[in-house]
Structures are given as C-alpha cells and as structure tokens.
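As a plain string of letters, each chain reads:
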Amino acid sequence: MPTASAELYEQLLTLLQGITPRVMALPPDAVDLDITGALKFFGKDPYGLAQLVRLRTLALYGVQTTAAAAGSRMLAAMAAATTPPGTTTVIGPDAYEVAAFLRPQPVSALYGVGPATAKKLSRYGLTTIGDLADAPSLTVQRILGAQAGRMLHARAHGIDDRPVIPQAAPRSTAAEYRFARDELDPASHRRALLGLAGQLGGRLRGEGQICQSLTLSVRYADRTTSSRSRTLAEPTDHSPALTATAYGLYDALGLQRARVRAIALRADGLLPAERVVRQLTFDPSDDKARRIEAAADRARARFGDDVVKPAALAAPRRH
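Note that the structure is predicted; figures quoted are calculated from it, not measured.

Caption draft 1: Structural view of the packing of helix H8 (residues 137–144) against helix H9 (residues 146–156). Running from N to C, H8 and H9 cross one another at 135°; their axes reach a closest spacing of 7 Å. One element, H8, and the other, H9, form an angle in the oblique class. Seen from above, H8 lies across H9 with right-handed handedness. Contacts between H8 and H9 pair Ser-137, Val-140, Gln-141 and Leu-144 from the former with Ala-146, Ala-148, Gly-149, Arg-150, Leu-152 and His-153 from the latter. Classifying every residue of the contact of H8 with H9 gives 5 nonpolar, 4 polar and 1 charged.

Caption draft 2: Summary view of unusual backbone geometry. Even without glycine at this site, Arg-223 takes up a positive phi of about 75°. As for its placement among the helices and strands, Arg-223 is situated in the loop between strand E6 (209–220) and strand E7 (225–236).

Caption draft 3: Here's a closer look at the environment of Ala-264. You can see Ala-264 is positioned in strand E8 (residues 260–272). Residue contacts for Ala-264: discarding those within four places in its chain leaves Ala-175, Glu-176, Leu-196, Thr-215, Leu-216 and Ser-217.

Caption draft 4: Local environment of the pairing of E8. In this structure, strand E5 (residues 171–183) lies alongside E8, joined through 8 bridges in antiparallel fashion. Each bridged residue has a counterpart across the sheet, and for Arg-171 the counterpart in E8 is Leu-270. Two elements, E6 and E8, share 10 bridges in a ladder whose sense is antiparallel. Paired with Tyr-220 across the strands is Val-260, a residue of E8.

Caption draft 5: Highlighting the sheet that holds E6. Pairing is antiparallel across the open sheet formed by 4 strands, whose spatial order is E5-E8-E6-E7. In this open sheet, the two edge strands, each paired with only one partner strand, are E5 and E7. Averaged over all pairs of adjacent strands, the angle between strand axes in this sheet comes to 15°, irrespective of strand direction. Sitting on the sheet, helix H10 (residues 186–207) touches E5, E6, E7 and E8, and the angle it makes with E5 is about 155°.

Caption draft 6: Structural detail: the packing of aromatic side chains. Counted by the stated rule, this structure contains 2 aromatic pairs. When the centroid spacing of 5.1 Å and the interplanar angle of 80° are considered together, the rings of Phe-41 and Phe-42 count as edge-to-face. In this structure Phe-42 comes out as partly exposed when scored by relative accessible area, which is 23%. Between the NZ or CZ atom of Arg-162 and the centre of the ring of Tyr-111, over which it lies, the distance is 4.2 Å.

Caption draft 7: How the structure looks around the nonpolar core. Cys-211, Leu-214, Leu-216, Ile-263 and Leu-265 are the most contacted members of the largest nonpolar core, which totals 25 residues. Of all the secondary-structure elements, those providing two or more residues to this core are E5, H10, E6, helix H11 (239–253) and E8. When residues in this core are grouped by element, the largest group, 6 residues, is from H10. Contacts of Leu-265, omitting those with residues within four sequence positions, involve Thr-173, Ala-174, Ala-175, Leu-196, Ala-197, Leu-200, Leu-214, Thr-215, Leu-216 and Ala-246. Counting 23 residues, the second-largest nonpolar core is a separate cluster that includes Leu-75, Ile-91, Val-107 and Ile-143.

What counts and what doesn't
Residues numbered from 1 in each chain as written. Predicted model: local features only at pLDDT ≥ 70, side-chain atom pairs only at ≥ 80, totals over all residues. Heavy atoms only, no water. Axes fitted to C-alpha atoms, helices over the stretch in contact; angles between N-to-C directions. Helix = DSSP H or I, 4+ residues; strand = E, 2+ residues; numbered from the N terminus. Parallel < 35°, antiparallel > 145°, perpendicular 65-115°, else oblique. Left-handed = near helix turned anticlockwise from the far one by under 90°. Contact = heavy atoms within 4.5 Å. Nonpolar A, V, L, I, M, F, W, Y, C, P; charged D, E, K, R; others polar. Pairing = 2+ DSSP bridges. Phe/Tyr/Trp six-rings, centres within 6.5 Å; stacked < 30°, edge-to-face > 60°. Buried < 20%, exposed > 50% of the residue type's maximum accessible area, 1.4 Å probe, protein only. Lys NZ or Arg CZ within 6 Å of the ring centre and 35° of its normal. Core = buried A, V, L, I, M, F, W, Y, C linked by side-chain atoms within 4.5 Å.

Pasting the structure below:
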C-alpha cells in the first residue's frame, strides 16, 4: 500500500483483520497476512482473495494497494517489491515456478543479504540467487559462517519458515513546542529540541516504554513543513540519546536562517522496556547519567515537572 497516515494505516489493518485474524503490521506502509484459512472461508484462490482485498481498500478508503501472494513471507515480500503499483503478483507452490522467480534475481534481492554480504558473495562469483542456490551448502557456510550460510542457502531455494505472527502497529508518542513568534535563532531551536527530547524521555520511562526511532517535524512561517526520521542505534528511553538523535535530525535539515513557527518530535515504534536488552557499556559516565535521570524522574513525580530541568532550559536571570 502507499505510505499512509498512522490513522489510515490503523483503519486498513482493521479491514484486513476482517479477512484473516493473522495480520502482521509492518509500518509505515506494509503488512503480512496468513490467508490459509481465508482461502477456504471466502472460497477463492490467492489471486481472487488479493483482488477482494484490493477492491475493499479502494472502495472504502480510496487506497490503491499492491499485493503479492506466495508460499512464504520471504517470497511474498520479494514479489511485492517487483510488482507494479496497484497490481497483484502470485507465485504458486510449484518448485519450478519458485525457481523461475528467484534464480535470475541479483543475490542482493534475497531477504537477509545486505550490501556487505552481497559484496563478499560476489568475490566468489555468486552474483545471482541462482548462483547461490547452485553452490554447495558447505561452501556457502565457509564464506558466510555456518548459521548465516545455511539460512541463506535455504532461502535461495525458496525456503523460509518464518510464520506470520499477529502484531499490531507499534505505538508512538509526540511532543510539540510552539514559539511565541517565528524564531530564526538556531540556539532557540536546539533548546526546544532539548526540552522535547526530555519530555518524551520522561514520558517513556514513566510508561515503561522505549522507542525505536525518532521523527522531527519543523513547521515554518509560511506553514510548510519539513520532516526527517532516524532509527536509533538501539531502542531507548534515555533522554541524552534522544536529544543527540534529535540534534542530528535538525542538523540534517540544513536550515539557513529559517523562520520556524513550531517544532515537533515523535517517538515511534514503542515497545515495553522489559522486552529489550540494553547493550552493556564500560563507560561509568553512562551509568551515572542514568542514575541521575532516575533521581530526576522521582523528583518530578513528587514535586512537578519543572522542579528539575537542564540548565540550558532554565529561565535567564533578570538584572
């Protein structure tokens, strides 16, 4: 489906759950479905069911979707990537049909093969998925390591056992700062970002959540908006990490004397904090910063949000 707003995406997920309960959200604009039971319920083949889904999304929401059906998540995703917008591709279960689809494609198109892996395989003459499938499994394992070699060699033959796990779209939370007047000063912009990152971090920690990415939106005096998103190195609720990412997004916009009316920061892909393992560090300053952060959170919970704040956000003294 084309990139949709969060609200529209949720509505489309609800529609798809009326087709099959096994719906795996892949925001911002994709979804995996297990249609095994739906085929029998609706009395249709995969192409017919895909057409039914496309018809409903178009009729109810005016959205043209691109669909692909295959015997595994990997094949369906790869087929969708090569399907023209607004059309449907079906790869049948026949081994010859699967091979005809996979073998001519570059090895970089195979799920799990990144640029570094593709470059390493190409040094051994394995440039297509067919080359990888024809190579002995032990040879591929020597090149890539035992686990990765076995997995990618199996995928080159169309084997992917990952199930479609029902999963809702990850939640998000946002904060916005509106300037009293259109603001030109980059230092004021960065102070706003510092406050927004701290606000989001406190909210996430209070709710036992962490985020996987940040989105910065800047609205200008002429009412136009610029946005940038970035995936975090690791999911976090740590305000300094959120602030550093927010600054990086701001710098990436390359604003030159822009008259800014408002700045918004959104934490995306929220997950329960207990589900994620934090990378250990030997930097004592990081542990100290987290202890200070926890103490500040307790103080704010007891005495109010303004009792503890970064010095850069403190009101200037009057003389």
